[in-house]
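So the chains spell out like this:
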Amino acid sequence: MRAEISVRDMEIFHAIATTGSTRQAGVQLGITQSAASHALARLEDTLGIRLFTRENQRLQIAPAGRYMLDEAVQLLDRLKRIEEEMALFQESGLASLRIGCAPGLGHRFGPRLAQQYVASHPGTGMALDIAASGRLISEVDGGRLDLALVSYQIHEPGLIITPVFAAKMMALLCRRNRLAARKRLHYGDLADQRYIKPIQSDHLIYANTSHDRQLDYSLRVSMSALGEVIRLSNGVSLLNALTAADLCVHGDLVARPFDSAQWFTFYLVHQHAMKDNRAVADVLAIAKDCVRQTAEEAGLAGAFVIH
């Protein structure tokens, strides 16, 4: 027989797992400790497994509880999004467009695209998610996102993947770095530099493996932290021109052309059912305008190709 799990019990479990006790969970949710304890016992009995171990009257989350917590977070977040979408339907008859961006597009490009889309579509909201391209493609395929801008394409019969723009590889470094005075950098220039390799760039960064082997690195950081790590370490990183331009907007970082033929292509992915939806054409047009704006602002017109 299928287990019947109530949403309220999941909320209480989540509160217990994140606060560490039934007492604190009760305070957080405005219920008694006894009610929180009974909800946990009911959930464990329904599932037939212990989610916590009891040691000296303290709760320690069990392996099953860790798994359950991850699922609870996703479920409760999804339910919250449904409530928000229904509220939009009540107000305007429209739901928000759910779009995702690869990490390299999350600094300014994605937020700029979202702002311009909402500004040009009164009464319509937008939900913007930043995640690795593989996850975004899965989210679009599963219907949890409407569109996504990703950094590689795959063969997936259920999806349409369209190239949007390509960006040349650039070097990103601090303005105080001695190499910032150069108009163009080469692989040899990085020999005595701290090279910082981006994580979650989603690209196979170097087409030439012999050059790849020249780049000795001891530090790998996520795209969200890349700019700050470059500032703190006075290091150098190699990445696409759009992300480099976005990270240079505050003035303490600079992007320099790099002696490489490497380009990075970004794609728009959506299901076939969205093919004739006006939102696809509108997002494509806004995305291309955002690339043009970035190229003009950064003085990097030659570093982009718009498809």
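In this text the structure is predicted, and so the values were computed from the model without any measurement. (Residues numbered from 1 in each chain as written. Predicted model: local features only at pLDDT ≥ 70, side-chain atom pairs only at ≥ 80, totals over all residues. Heavy atoms only, no water.)

Caption draft 1: Just helix α1 (residues 7-19), in detail. With 13 residues, α1 should reach 18 Å at 1.5 Å per residue; the first-to-last C-alpha distance of 18 Å fits that figure. Among all positions of α1, only Asp 9, Met 10, Ile 12, Phe 13, Ala 15 and Ile 16 are buried. Of the residues flanking the end of α1, it is Gly 20, one or two places downstream, whose phi is positive at about 90°. (Helix = DSSP H or I, 4+ residues; strand = E, 2+ residues; numbered from the N terminus. Expected span 1.5 Å × (residues − 1). Buried < 20%, exposed > 50% of the residue type's maximum accessible area, 1.4 Å probe, protein only.)

Caption draft 2: Just the packing of α1 against helix α3 (residues 33-47), in detail. In contact at an axis separation of 9 Å, α1 and α3 are set at 110° when each is read in the N-to-C sense. Looking at the two axes, α1 sits roughly perpendicular to α3. As for the relative orientation of α1 and α3, their crossing is left-handed in sense. Note on element contacts: α3 touches α1 through Ala 36, Ala 39, Leu 40, Arg 42 and Leu 43, opposite Asp 9, Ile 12, Phe 13 and Ile 16. Per-class residue counts for the contact of α1 with α3 are seven nonpolar, no polar and two charged. (Axes fitted to C-alpha atoms, helices over the stretch in contact; angles between N-to-C directions. Parallel < 35°, antiparallel > 145°, perpendicular 65-115°, else oblique. Left-handed = near helix turned anticlockwise from the far one by under 90°. Contact = heavy atoms within 4.5 Å. Nonpolar A, V, L, I, M, F, W, Y, C, P; charged D, E, K, R; others polar.)

Caption draft 3: Main features of helix α5 (residues 109-120). Taking 1.5 Å of rise per residue, the 12 residues of α5 would be expected to cover 16 Å, and the 16 Å separating its terminal C-alpha atoms lies within 8% of that figure. For α5, the complete set of buried residues consists of Phe 109, Gly 110, Arg 112, Leu 113, Ala 114 and Tyr 117. The inward-facing, buried residues of α5 contact β3 (97-101), β4 (126-130), β5 (147-150), β6 (159-174), α9 (241-247) and α10 (278-298).

Caption draft 4: Quick peek at the state of the cysteines. As enumerated under the stated definition, the model contains zero disulfides in all. Sulfur of Cys 174: no disulfide; nearest cysteine sulfur belongs to Cys 248 and is 9.9 Å away. Look at Cys 174 and you get buried, because its relative accessible area is 1%. Using a relative accessible area of 16% as the deciding quantity, one classes Cys 248 as buried. (Disulfide = S-S within 2.5 Å.)

Caption draft 5: Expanded view of the layout of surface pockets. Here the second largest pocket is characterised by a volume of approximately 230 Å³. Along its surface, the second largest pocket is lined by Gln 74, Asp 77, Arg 78, Arg 81, Asp 129, Arg 135, Glu 139 and Arg 144. Listing elements by their share of the lining of the second largest pocket, those giving two or more residues are α4 (63-92) and α6 (133-141). Residue classes in the lining of the second largest pocket are distributed as no nonpolar, one polar and seven charged. (1 Å grid on protein atoms, 1.4 Å probe; cavity = no way out; pocket = protein on both sides within 12 Å on 5 of 7 lines; lining within 4 Å. Points joined across faces, edges and corners; volume = space filled by probe spheres on them.)

Caption draft 6: Summary view of the packing of aromatic side chains. Enumeration according to the criterion identifies four aromatic pairs in this entry. Here the aromatic rings of Phe 13 and Phe 52 are separated by 5.8 Å at their centres, their planes lie at 55°, and the arrangement is tilted. Of this pair, Phe 13 sits in helix α1 while Phe 52 sits in strand β1 (residues 52-55), and the two are 39 residues apart along the sequence. Accessibility classification places Phe 13 together with Phe 52 in one group, the buried group. Measuring from centroid to centroid gives 4.9 Å for Tyr 187 and Phe 258, while their planes differ by 80°, and the two rings are edge-to-face. Remark: Phe 258 occurs in the loop between β10 (253-257) and β11 (263-271) and Tyr 187 occurs in the loop between β6 and β7 (195-199); sequence separation between them is 71 residues. On the basis of relative accessible area, Phe 258 is assigned to the buried category, the value being 0%. Among the aromatic side chains, those forming a connected cluster through ring pairs are Phe 109, Phe 165 and Phe 266. (Phe/Tyr/Trp six-rings, centres within 6.5 Å; stacked < 30°, edge-to-face > 60°.)

Caption draft 7: Representation of the packing of α5 against α10 in the model. In the contact formed by α5 and α10, the axes pass within 9 Å of each other and the chain directions differ by 130°. Overall, the two elements α5 and α10 adopt an arrangement that is oblique. In the packing of α5 onto α10, the handedness of the crossing is right-handed. Seen from α5, the contacting residues are Phe 109, Arg 112, Leu 113, Gln 116, Tyr 117 and Ser 120; seen from α10, they are Ala 279, Asp 282, Val 283, Ile 286, Ala 287, Cys 290, Val 291, Gln 293, Thr 294 and Glu 297. Residues of the contact of α5 with α10, tallied by class, amount to nine nonpolar, four polar and three charged.

Caption draft 8: Summary view of the environment of Trp 263. Here Trp 263 is to be found in strand β11. Residues Trp 263 and Ala 166, spaced 97 residues apart in sequence, show a C-alpha to C-alpha distance of 6.3 Å. Residue contacts for Trp 263: discarding those within four places in its chain leaves Ala 166, Ala 167, Lys 168, Gly 302, Ala 303, Phe 304 and Val 305.

Caption draft 9: Layout of unusual backbone geometry. Phi at Asn 234 takes a positive value of approximately 55°, unusual for a residue other than glycine. For Asn 234, the position within the fold is in the loop between α8 (223-233) and β9 (236-240). Relative accessible area serves as the criterion here: at 26%, Asn 234 is assigned to the partly exposed category.

Caption draft 10: Expanded view of the pairing of β11. Bridge count between β5 and β11: four bridges; the pairing is antiparallel. Opposite Ala 148, over in β11, you have Val 269 as the bridge partner. Looking at chain direction, β6 and β11 are connected through nine bridges and run antiparallel. Its bridge partner being in β11, Ala 166 is matched across the sheet by Thr 265. (Pairing = 2+ DSSP bridges.)

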